[in-house]
Structure formats: C-alpha cells, structure tokens
Amino acid sequence: MAADKVVETVVVGNYVEMETEGKPQNMKSKLSNFFWHGGSVYDAWFSCSSNQVAQVLLTLPYSFSQLGMLSGILFQLFYGLLGSWTAYLISILYVEYRTRKEREKVDFRNHVIQWFEVLDGLLGKHWRNVGLAFNCTFLLFGSVIQLIACASNIYYINDNLDKRTWTYIFGACCATTVFIPSFHNYRIWSFLGLLMTTYTAWYLTIASLLHGQVEGVKHAGPTKLVLYFTGATNILYTFGGHAVTVEIMHAMWKPQKFKAIYLLATLYVMTLTLPSAAAVYWAFGDMLLNHSNAFSLLPRSPFRDMAVILMLIHQFITFGFACTPLYFVWEKAIGMHECKSLCKRAAARLPVVIPIWFLAIVFPFFGPINSTVGSLLVSFTVYIIPALAHIFTFKSAAARENAVEQPPKFVGRWVGTYTINVFVVVWVLVVGFGFGGWASMTNFIHQIDTFGLFTKCYQCPPPQGVLPPPPHSFNTTVAPSPHHQPSFNHTHHNL
C-alpha cells in the first residue's frame with residue numbers, strides 16, 4: 001500500500017512531460033519553451049515571490065505608521081509564517097485530490113485544476129460553492145487593486161491626466177492579459193517581475209536612508225485601535241497572495257515539490273518588505289498616515305521614475321496573475337475551457353475585465369482598499385477555509401492513514417497539525433475578520449464620506465487657491481504635488 005502510494009504521488013504532475021515526450025524540438029521551439037513554457041520548481045518560486053508582493057510594497061510604510069515600528073515588523077513575521085502554513089495546506093489538499101482522481105483514471109491534460117474543484121472533490125458541493133464565491137471575489141478585487149495602483153503610481157511621473165483617466169488607460173492595457181493562456185506561460189514575466197520589485201524595494205530603502213528624517217519627525221503609532229487593526233489587515237493581505245496556489249501548482253511538472261516553495265518565497269519577500277517599510281517609516285514617520293503611497297513623499301529623481309515605471313510593468317504582470325484564475329472559471333462556465341483556439345478563448349475572456357475596470361473607477365482608494373479586502377476576503381479565502389478544509393478532509397482515521405502526504409514530525413504529526421489549524425481559524429476569525437473588518441470598513445467608509453465614489457483624483461493636490469480639507473484621524477488629506485515636494489527644511493540627497 002505504501003509503495004503504491006509513493007508511485008502514484010510521483011505520477012502527479014508529469015502530464016506536460018508526457019505530452020512532449022518523443023517529439024523532436026527545433027531551436028525555435030526550444031527557445032520558446034525557455035522563455036514561455038515553465039513548470040519547474042524555480043518557475044513556481046518566481047511566480048509565488050513575484051505575485052506575493054506588488055503594489056502592497058508601497059503601502060507597507062503606511063501600515064507601519066498605523067501600527068508602529070515594532071508591531072509592523074512582528075505582524076510581517078507572524079503573517080508570513082501563517083500564510084506559508086496555509087499555502088502548505090492548500091498544496092497538500094491539491095495533491096490529495098489529484099492523486100485520488102488519477103486513481104480513477106481522470107485525465108487533466110486539457111483541464112486546469114482550481115481550488116473550488118479541489119474542495120468539491122474532497123468535501124462536496126457546499127464547500128465548492130463557498131470556496132468559489134470567496135476565491136473569485138478576492139481575485140476580482142485583487143485585480144481591481146492592481147489597476148488602482150497603476151493610476152496612483154503613474155501620477156507621480158505625469159500629473160497632466162487625473163488618476164481616473166489613467167485608470168481607463170491602464171484598464172485597456174491590462175485587458176491584453178486575456179492572450180496569456182495559463183501560468184505555464186508566465187516564466188519570463190515572473191522572473192522580470194521579481195527583479196522589478198527587488199529594485200523598487202531597495203530604492204525605497206536607500207532613498208529613505210539618504211534622505212534622512214524630516215524635521216520634527218514623529219513616530220506616534222499606534223494611536224488608535226481603528227488605525228492599528230487597519231494596518232494589521234493590510235499585512236494580512238500582503239501575505240495572503242496564495243489564492244492562485246492551485247493554479248501555480250497545476251502548472252508545475254511535479255506539483256508535490258511545491259510544499260516548501262511558498263515559505264522560501266515568503267522569506268525572500270521579507271528581505272524586501274521589512275527594510276523598505278522600516279526605512280520609509282523611519283524617515284517620514286506620521287506623515288505616512290496621510291500618504292498611503294510611499295512614492296508620494298520621496299523627491300522626484302531618475303531613480304524614483306525608474307521605480308515607478310518598473311512597478312507599473314509589474315502591476316500589469318500581477319493583474320494577469322490575479323485575473324487568470326477568473327478567466328479559467330469563466331471559460332468553464334461558458335464551455336470554452338478546452339477550446340484549442342487562443343483567439344477564441346481571449347475573446348471569451350474579455351467580459352471578465354469589464355467589472356474590474358468599473359470597480360477600480362468606483363473605489364479608487366489606494367491603501368484603504370487593501371485592508372478591506374484583506375479582512376473581509378483574504379481572511380476566509382486563504383486562511384480560514386484551507387485550515388478548515390484540511391481538518392474535515394482528514395477527520396477520519398482512515399483518511400489520515402491513507403493520506404498521500406503525512407504531516408511532518410516537527411509540527412507534531414496529526415495532533416500538531418490539527419492544533420495549528422484551529423489556532424489559524426480562531427486567530428484570523430477574531431483578529432483578522434472581526435477586529436480587522438471593523439477597522440478597515442470604518443476607514444473605508446470614511447474615505448467614501450470624504451472623497452465620494454468615482455472620485456476623479458484620490459489624494460491629489462487641490463487646484464491653486466483651493467484649501468485642502470482639514471486633517472482627520474484617517475488618511476484623508478491630500479498628497480503633495482508629484483512635481484513640487486514639500487519643504488522639509490533640511491539637506492538631503494535625491495536618489
């Protein structure tokens with residue numbers, strides 16, 4: 001029985017290799033495969049790392065101003081570990097589901113397995129429906145956030161157009177992701193995306209240190225519970241990027257090797273998020289409470305413009321990461337998923353982009369929307385549901401004995417795994433969804449009351465002669481002009 005289990009586990013994920021086995025490859029196809037067709041462990045690591053931190057890199061200093069330096073660092077470490085654990089659970093459930101199906105001779109050559117199908121196969125249609133609802137809603141708003149971030153960032157290079165107009169433009173640009181068939185085809189994009197975020201993170205770090213602290217800088221956080229839990233849920237959102245874990249695993253040639261990939265990706269991401277957020281908060285302190293985009297406080301320079309441009313490209317890539325699973329769901333719903341024509345599939349996918357475009361125009365609140373999505377959607381999608389699904393999948397002694405993957409000894413086998421899962425569910429339900437939901441919704445509603453829906457230019461400087469609104473407890477004041485930085489009355493280097 002154990003020997004059969006090992007053989008069946010190894011079989012999982014070899015379908016791409018079987019498809020290409022025996023086919024002669026010329027130089028053109030080899031080059032195409034090198035740049036376009038990835039399925040290795042390294043491709044999965046690049047995909048996870050690149051997808052995990054994008055525009056949120058620019059809002060983490062804002063979260064630090066809400067949490068304070070110590071809490072900001074501790075929450076990053078804590079939610080990084082928590083996210084890695086639930087990504088591990090998702091990978092275990094995927095391998096369990098796929099192995100069971102392949103024992104039944106189910107063929108996945110022309111079918112991409114998704115999270116809701118894993119839940120359906122292991123736990124039934126009610127779990128499938130809940131998982132599908134949360135997953136699709138989260139990915140929808142995840143795509144919305146990328147569009148909002150594009151408009152927010154480009155404004156710091158070119159403010160001739162307002163942010164809403166830039167959202168129209170980038171919505172059209174991001175719609176081209178309908179032509180990318182699957183996560184196999186993100187090999188070169190994932191690699192470049194990680195280089196871009198690495199540059200941006202270290203630009204923020206070095207530029208802030210060279211700039212030095214502004215005169216009279218204050219680090220008062222945390223000052224209010226609303227701000228504290230809003231900042232915490234933004235970090236929950238940061239390390240909850242594994243809603244696409246199943247699709248990334250399915251793109252691997254050997255998905256059972258995924259188990260530790262997300263943890264390794266998280267460790268690398270922390271080398272970017274911790275120094276950059278700490279450095280920007282050290283330099284600007286409580287000014288960040290009213291500037292949710294870190295670019296808004298750093299003086300303009302060629303290095304900053306380069307960081308903005310690279311982040312724009314990376315947000316296009318991350319938009320594709322978030323939207324591709326939605327494309328798959330839509331294709332399956334209308335019967336186009338197994339269509340061989342790329343153009344027909346691309347045309348069928350276009351309706352998915354329209355509501356994303358619309359919502360980005362309705363709620364352009366860069367920063368506060370991250371926390372809201374984190375508390376209401378990420379908390380269930382990638383923390384609570386995977387932990388509960390693992391508990392119920394292996395609740396019987398027979399299921400535990402016949403599990404394809406046994407829990408590691410260092411976590412205490414099944415008892416330790418169950419204990420950790422219960423802790424994840426209780427913590428995220430109470431702190432993430434409960435307190436975080438209250439705080440982030442309070443802040444989000446305050447943005448609507450202050451700026452209104454469909455606001456033309458969120459946190460933009462007012463026209464000449466118009467006084468800005470008075471400061472509030474939330475981040476509702478306007479940002480400085482991207483071309484006219486505020487005077488900090490001290491000498492600094494422009495990096």
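Counting restarts for each chain: residues are numbered from 1 in the order of the written sequence. Owing to the predicted nature of the model, reporting of local features is limited to residues with pLDDT of at least 70; listing and counting of side-chain atom pairs is limited to 80 or more, with chain, interface and lining totals taken over all residues. Side-chain measures here rest on the full set of heavy atoms in the structure, leaving out hydrogens and waters.

1. Here we look at the state of the cysteines
Piece 1. Cysteine sulfur atoms are paired as a disulfide whenever they come within 2.5 Å of each other. Enumeration over the complete set of coordinates arrives at zero disulfides.
Piece 2. We note that C173 lacks a disulfide partner, and the nearest cysteine sulfur, in C174, lies 6.7 Å from it.
Piece 3. Here C174 stays free of any disulfide, with the sulfur of C150 as its closest cysteine sulfur at 4.9 Å.

2. Description of the packing of helix α16 (residues 368-393) against helix α18 (residues 413-451)
Piece 1. Taken N-terminus to C-terminus, the directions of α16 and α18 make an angle of 160°; their axes are 8 Å apart at the nearest point. Between α16 and α18, the angle falls in the class roughly antiparallel. The two elements α16 and α18 meet at a crossing, and its hand is left-handed. Note on method: axes are straight lines fitted to C-alpha atoms, helices fitted across the in-contact stretch only, with angles between N-to-C directions ranging 0 to 180 degrees. Strands here are runs of E lasting at least two residues and helices are runs of H or I lasting at least four, both read from the DSSP assignment and numbered beginning at the N terminus. When describing relative orientation, an angle under 35 degrees is termed roughly parallel and one over 145 degrees roughly antiparallel, while 65 to 115 degrees is termed roughly perpendicular and anything else oblique. Left-handed describes a crossing in which the near helix is turned anticlockwise from the far one by less than a right angle; the clockwise case is right-handed.

3. Description of the environment of L326
Piece 1. For L326, the position within the fold is in helix α14 (residues 302-334).
Piece 2. Only protein chains enter the accessibility calculation, which uses a 1.4 Å probe; a residue whose area is less than 20% of its type maximum is buried, one above 50% is exposed, and one in between is partly exposed. On the basis of relative accessible area, L326 is assigned to the buried category, the value being 9%.
Piece 3. Measuring from C-alpha to C-alpha, the distance between L326 and N135 comes to 9.0 Å, with 191 residues separating the pair along the chain.
Piece 4. Among residues more than four places away in sequence, those in contact with L326 are C136, L139, L140, S143, V352 and I356. In what follows, residue pairs with any heavy atoms lying within 4.5 Å of each other are defined as contacts.

4. Observations concerning helix α4 (residues 41-52)
Piece 1. Here, expected helix span is obtained from the residue count minus one, scaled by 1.5 Å. With 12 residues, α4 extends 16 Å between its outermost C-alpha atoms, agreeing within 8% with the 16 Å of an ideal straight helix rising 1.5 Å per residue.
Piece 2. Buried within α4 we find D43, A44, S47, C48, S49, S50, N51 and Q52.
Piece 3. The definition of a polar contact used here is a pair of N or O atoms within 3.5 Å, where within protein one atom must be able to donate a hydrogen and the other to accept one, and adjacent residues in sequence count solely through side-chain atom pairs. The residue sitting at the N-terminus of α4 and contributing the capping side-chain oxygen is S40; that oxygen lies 3.3 Å from the backbone nitrogen of Y42.

5. A look at the pattern of salt bridges
For side chains of opposite charge, pairing can occur when their charged atoms come near one another.
Piece 1. Between Lys or Arg on one side and Asp or Glu on the other, a salt bridge is scored when a side-chain nitrogen of the former is within 4 Å of a carboxyl oxygen of the latter. Taken as a whole and assessed by the stated rule, the structure comprises nine salt bridges.
Piece 2. Within the structure, one salt-bridge network assembled from shared partners comprises E331, R345 and R349.

6. Points about the packing of aromatic side chains
Piece 1. Two rings from Phe, Tyr or Trp (for Trp, the six-membered ring) form a pair when their centres are within 6.5 Å of each other. A pair whose planes differ by under 30 degrees is stacked, one over 60 is edge-to-face, and the rest are tilted. This model, assessed by the stated rule, comprises 23 aromatic pairs.
Piece 2. Note on W85 and Y88: the rings are 5.4 Å apart at their centroids and 40° apart in plane angle, and the pair reads as tilted. With W85 and Y88 both in helix α6 (residues 69-103) and three residues apart, this pair spans about one turn of that helix. When sorted by exposure, W85 lands in the same class as Y88, which is buried.
Piece 3. Through a chain of ring-to-ring contacts, the aromatic side chains of F75, F78, Y79, Y228, F229, Y383, F423, W427 and F435 assemble into a single cluster.

7. Quick word on the side chain of T245
Piece 1. In this structure, T245 sits in helix α12 (residues 245-250).
Piece 2. The class of T245 is buried, set by a relative accessible area of 2%.
Piece 3. Apart from the residues within four sequence positions on either side, T245 is in contact with A87, I90 and F258.

8. Some words on the packing of helix α7 (residues 115-123) against α16
Piece 1. Between α7 and α16, the shortest axis-to-axis distance is 11 Å and the interhelical angle comes to 25°. Taken together, α7 and α16 sit at an angle that is classed as roughly parallel. Crossing angle aside, the handedness with which α7 passes α16 is left-handed. Counting all contacts with α7, which are made through W115, L119, L122 and L123, the residues of α16 involved are T381, I385, P386, A389, F392 and T393.
Piece 2. Polarity classes work like this: nonpolar for Ala, Val, Leu, Ile, Met, Phe, Trp, Tyr, Cys and Pro, charged for Asp, Glu, Lys and Arg, and polar for all others, with Gly in that last group. Across the contact of α7 with α16, the residue classes tally to eight nonpolar, two polar and no charged.

9. Topic: the environment of F295
Piece 1. Structurally, F295 is set in the loop between α13 (261-284) and α14.
Piece 2. By relative accessible area, F295 is classed as buried at 0%.
Piece 3. Taking C-alpha positions, F295 is 8.2 Å from L204, a pair spaced 91 residues apart along the chain.
Piece 4. With near-sequence residues (within four places) excluded, F295 lies in contact with L58, N153, Y156, T200, Y203, L204, R304, A307, V308 and M311.

10. Some remarks on a nonpolar patch on the surface
Piece 1. A surface patch of nonpolar side chains, about 820 Å² in accessible area, is lined by L225, Y418, V422, V426, L429, V430, F433, F435 and W438.
Piece 2. Among the elements that make up the nonpolar patch, the one with the highest residue count is α18 (eight residues).
Piece 3. Among the structural elements, F433 can be located in helix α18. Note on patches: the residues involved have over 30% relative accessible area and no salt bridge, like charges join within 9 Å, and the nonpolar side chains Val, Leu, Ile, Met, Phe, Trp and Tyr join within 5 Å. Accessible areas in this description were obtained via Shrake-Rupley with a 1.4 Å probe; residue shielding takes into account the shown protein chains only.

11. Describing the side chain of S379
Piece 1. Among the structural elements, S379 can be located in helix α16.
Piece 2. Classification of S379 by relative accessible area gives buried; the value is 0%.
Piece 3. Ignoring anything within four residues of it in the chain, the contact list for S379 reads L236, G374, I384, V428 and F433.

Treat this as a map of the structure, not an account of what it does.
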